[in-house]
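Structure assessment
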Amino acid sequence: MAEKHGALSINSDNIFPIIKKWLYSDHDIFYRELISNGCDAITKLKKLDMMGEYELPEGYKPRVDIIVDPDAKTIQFIDNGVGMTADEVEEYINQIAFSGATDFIAKYKDKTNDDQIIGHFGLGFYSAFMVADEVHIDTLSWQKDAKPVHWECDGGTEYDMQDGTRTEVGTCITLFLNEDCLQFCNEYKATEVIKKYCSFMPVEIYVSRANTPETQTILASEKLDSDHVIEEVKKEKEEDPDKLKITKRPELINDTHPLWTKNPSECTKEEYIDFYRKVFMDYKEPLFWIHLNMDYPFNLKGILYFPKINMEYESIEGVIKLYNNQVFIADNIKEVIPEFLLLLKGVIDCPDLPLNVSRSALQNDGFVKKISDYITKKVADKLSGMCKTQKEEYEKYWDDIAPFIKFGCLKDEKFCEKMTDYILFKNLDGKYMTLPECLEVNKTDPDETQEGAVDENGEKVEAEVVEDKSEDSAEEEKKDKTIYYVTDEKQQSQYINMFKAAKMDAVMLTDRIDQPFISQLEAKNEGIHFARIDADLTDAFKTKTSKKTQEELNAQAEKVEKLVQKALKNDKIKVKIEKLKNKKVSSVLTVSEESRRMQDMMKMYGGGMDMSMFGAEGETLVLNANHPLVTYITEHEDDANTKMICEQLYDLAKLQNAPLSPEAMTKFVARSNDIMLLLAK
Ligand SMILES: Nc1ncnc2c1ncn2[C@@H]1O[C@H](COP(=O)(O)OP(=O)(O)OP(=O)(O)O)[C@@H](O)[C@H]1O
């Protein structure tokens, strides 16, 4: 070939400064680009062999070698793939590759960081100029009678091309690093970066250092042709096997058949766990996993692991690694992977992804949306399947996966729909129940409540004869669909006891995510209503009363309410007088579910707002007409001690509901002493 000097066919005069500066932070991707070009070239050669157009030489082992040379400040990428003829270099490197890079940069150079290109795909061969001042290509095509080609370019817009000296089919690309990028020819740095991007590429990749002083000892019987023997190792004993000291062999970096490329039926539990540990450096075992394997309508493979977590969702740190044909693209691309799945750990390989587009373009891509929906569906299918067929296992994992599933339900409507019946709730006895099961348990059965009523000692409670049945069936129905819940087992223990005594059930919802989660369940499932265990005293706690008696109690309550409001200097508090089955309880505080949720929300979003202004809003003091103290105040409204009894009854009820404020506590202690003094008189 006549020596050729030419100008690269580009529009921009000075593309290199842009390439070099562009996205400074991760310009280590040149490793990925050049290695994947080498892998592609090998794949092409194997295809030619399969089609009968080329015959691979005896003992052909496809491989890409990366040789770093800190002395010469070079990195070489050597592959035994198809190679290129002079015409191909002309076409693919001088023209196409360059125009590709030009287009790419023209498109993205003004983009800000919030619209990054995914993994900067498509920069290709010219990414080499991000780190190198000069690049050489030495290549020999597979084609019959092809001549080797040498190409070089010193980072300007001109190149030189002439006959080369390469004797083996394949390509060697040599980068002469610029002074700012010398770290890349450090063997350890190179290994680190290549492991990041190329750990699962489909062709064996080896890293070595030119003229390395490092050595290793091998059995003489295991010597390879490529080994450079330094000396024979002296035997300590006659019977020792022959050993050789050789120059350190190139290190194999990757696993060419990662687990996700295998058929799920061929993978063992140990393999899944090993793979998890290796990829995520997590010594803990994952709880379980989902192997995704799909060919149609798009190609997608991957493994999603549910890691062992026990905290609230904010502190869970998942990572989903995205691959394109076994080439690493990036971690946690939320445009492709549903956001809530980013709490998991896993790998997803999707060769069909359009990667040379920006993130915002990906987000609006219908195809990408389908991929994301598919992943969500598979996860929901796995979970619901487990709940149906391996309930015990599912219950065992529940506490760990609950925050994740609840977060998923909040973030993804479809996931929520699919999962609603497979959400578990732990009841007062620590038993797990699904939503439909929870709705069954507290159904009011009038005979049941009347006949089977017991007090806290398990003693049967006499019910009053009821003349007229409740006419308000709508209200009854609402109560049927109410699920009571506990947010703090200790604080709400008094209510829990009452529930247990009345043979009623409640569920534990103690995580922060539970509040928004139950609001969502209510919004999506008409009629379902959640109420904290202290929100209301249902009929199950009360002895049945006739309408007439109830009216009398209401009239008394009206009077006592005024008394209590005056004593507490709080005109918002409501008072009810009920006949509670448990005769030992004098007063109970209930807090309206709506007001309490409102207050909780204010606390969450209200920042420094003064919460005392919302004070006792929604509080109802329920006094037990079956308790002598309550009878006393209803009969002695004007008595000197009534005010003090009212205050004490309120504080006692409050104490069982929430901690007293410091001021209220001081008063409570002083008053308790006063009451004891009265006893001492
Ligand atoms: N090591 C190689 N062996 C053989 N041909 C190569 C090699 N490297 C590059 N080429 C040729 O040069 C072309 C341009 O390479 P470049 O990396 O710029 O883009 P690409 O690989 O086609 O696409 P991209 O990297 O954007 O996915 C390739 O398509 C290929 O034909």
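Residues numbered from 1 in each chain as written. Predicted model: local features only at pLDDT ≥ 70, side-chain atom pairs only at ≥ 80, totals over all residues. Heavy atoms only, no water.

We now examine the overall build of the chain. Broken down by element type, the chain carries 19 helices and 25 strands. Considering only contacts in the chain between residues 6 or more positions apart, those separated by 24 or more positions represent 72%. (Helix = DSSP H or I, 4+ residues; strand = E, 2+ residues; numbered from the N terminus. Contact = heavy atoms within 4.5 Å.)

Attention now goes to the domain arrangement of the chain. Annotation of the chain at the domain level lists domain 1 (13–252), domain 2 (259–419), domain 3 (423–461 + 473–544) and domain 4 (549–591 + 613–681). Listed per partner, the contact involves 18 residues of domain 3 and 19 residues of domain 4. Counting each side, the surface lost to burial between domain 3 and domain 4 is near 1700 Å², with a carbon and sulfur contribution of 48%. For the pair domain 3 and domain 4, the number of links is zero salt bridges. Where domain 3 meets domain 4, there are seven residue pairs in polar contact (both at pLDDT 80 or more). It is helix α13 (residues 493–501) that provides the largest number of residues to the side of domain 3 that touches domain 4, a total of three residues. Considering only residue class, the side of domain 3 that touches domain 4 consists of eight nonpolar, five polar and five charged. (Domains from an automatic or database assignment. Buried area = accessible area lost by both parts, 1.4 Å probe. Salt bridge = Lys/Arg side-chain N within 4 Å of Asp/Glu carboxyl O. Polar contact = N/O pair within 3.5 Å; in protein donor to acceptor, adjacent residues only side chain to side chain. Nonpolar A, V, L, I, M, F, W, Y, C, P; charged D, E, K, R; others polar.)

Another point: the pairing of strand β5 (residues 149–153). Taking burial as the measure, the five residues of β5 include four buried ones, the bulk of the element. Across five bridges, the pairing between strand β4 (residues 132–140) and β5 is antiparallel. Paired with I137 across the bridge in β5 is W151. Inspection of the sheet shows β5 paired to strand β6 (residues 158–163) by five bridges, in the antiparallel sense. Each bridged residue has a counterpart across the sheet, and for E152 the counterpart in β6 is D160. (Buried < 20%, exposed > 50% of the residue type's maximum accessible area, 1.4 Å probe, protein only. Pairing = 2+ DSSP bridges.)

Turning to the environment of L182, a few remarks are in order. Mapped onto the elements, L182 comes out in the loop between β7 (170–177) and α4 (187–198). Judged by its relative accessible area of 25%, L182 falls in the partly exposed class. Sequence spacing of L182 and R532 is 350 residues, and the spatial spacing of their C-alpha atoms is 64 Å. Dropping the residues within four chain positions of it, L182 is found in contact with K73 and L177.

Looking now at the state of the cysteines. Each disulfide is one covalent bond, formed between the sulfur atoms of two cysteines. For the structure on display, the rule yields zero disulfides. Of all cysteine sulfurs, the one in C185 lies closest to C181, which takes part in no disulfide; the gap is 10.0 Å. In this structure C438 is a free cysteine whose sulfur lies 12 Å from that of C387, the closest cysteine sulfur available. (Disulfide = S-S within 2.5 Å.)

On to the UniProt feature "binding site: ATP" (unreviewed entry) in the chain. UniProt records the feature "binding site: ATP" (unreviewed entry) at E33, N37, D79, M84, S99, G100, T171 and R359, using the numbering of this structure. Relative to the elements of secondary structure, D79 occurs in strand β3 (residues 74–79). Not counting residues within four places of it along the chain, the set of residues in contact with D79 comprises G38, A41, I42, R63, V64, R166, V169, G170 and T171. One polar contact links the side chain of D79 to the main-chain amide nitrogen of G81, over a distance of 2.8 Å. (UniProt positions renumbered as here; feature names shortened; annotations may be inferred.)

Our focus in this paragraph is helix α5 (residues 269–280). Here α5 spans 16 Å end to end across 12 residues, near enough to the 16 Å set by a 1.5 Å rise per residue. Inspection of α5 places Y272, I273, F275, Y276, V279 and F280 among the buried residues, and these make up the whole buried set. Looking down the long axis of α5, one finds its buried residues gathered within 160° of arc, a one-sided arrangement. Along α5, exposed side chains directed more than 90 degrees from the buried face belong to E270 and K278. Its buried side turned inward, α5 meets β13 (288–294), β14 (300–306), β15 (319–324) and β17 (345–349). (Expected span 1.5 Å × (residues − 1). Arc of directions from axis to C-beta.)

Whether parallel or antiparallel, the strands of a sheet pair through hydrogen bonds between backbone atoms. A sheet is described by the order of its strands in space; here five strands give the open sequence β19-β18-β21-β20-β22, paired in mixed fashion. The open sheet is flanked by β19 (432–434) and β22 (529–532), the only strands paired with a single partner. With four bridges connecting them, strand β20 (residues 482–486) and β22 associate as parallel partners. Opposite I483, over in β22, you have F530 as the bridge partner.

This next bit is on the packing of aromatic side chains. Tallying each qualifying case throughout the model produces 33 aromatic pairs. Connected via pairs of aromatic rings, a cluster forms that spans Y197, F200, W260, F275, Y323 and F328. Over the ring of Y206 we find R63, and its NZ or CZ is 3.8 Å from the ring centre. (Phe/Tyr/Trp six-rings, centres within 6.5 Å; stacked < 30°, edge-to-face > 60°. Lys NZ or Arg CZ within 6 Å of the ring centre and 35° of its normal.)

With that settled, the discussion passes to a nonpolar patch on the surface. A surface patch of nonpolar side chains, amounting to about 480 Å² of accessible area, comprises M598, M601, M604 and Y605. Among the secondary structure elements, M598 is positioned in helix α16 (residues 593–605). When its relative accessible area of 45% is taken as the criterion, M598 is described as partly exposed. (Patch = residues over 30% accessible without salt bridge, like charges linked within 9 Å, V, L, I, M, F, W, Y side chains within 5 Å. Areas by Shrake-Rupley, 256 points an atom, 1.4 Å probe, with all protein chains shown as cover.)

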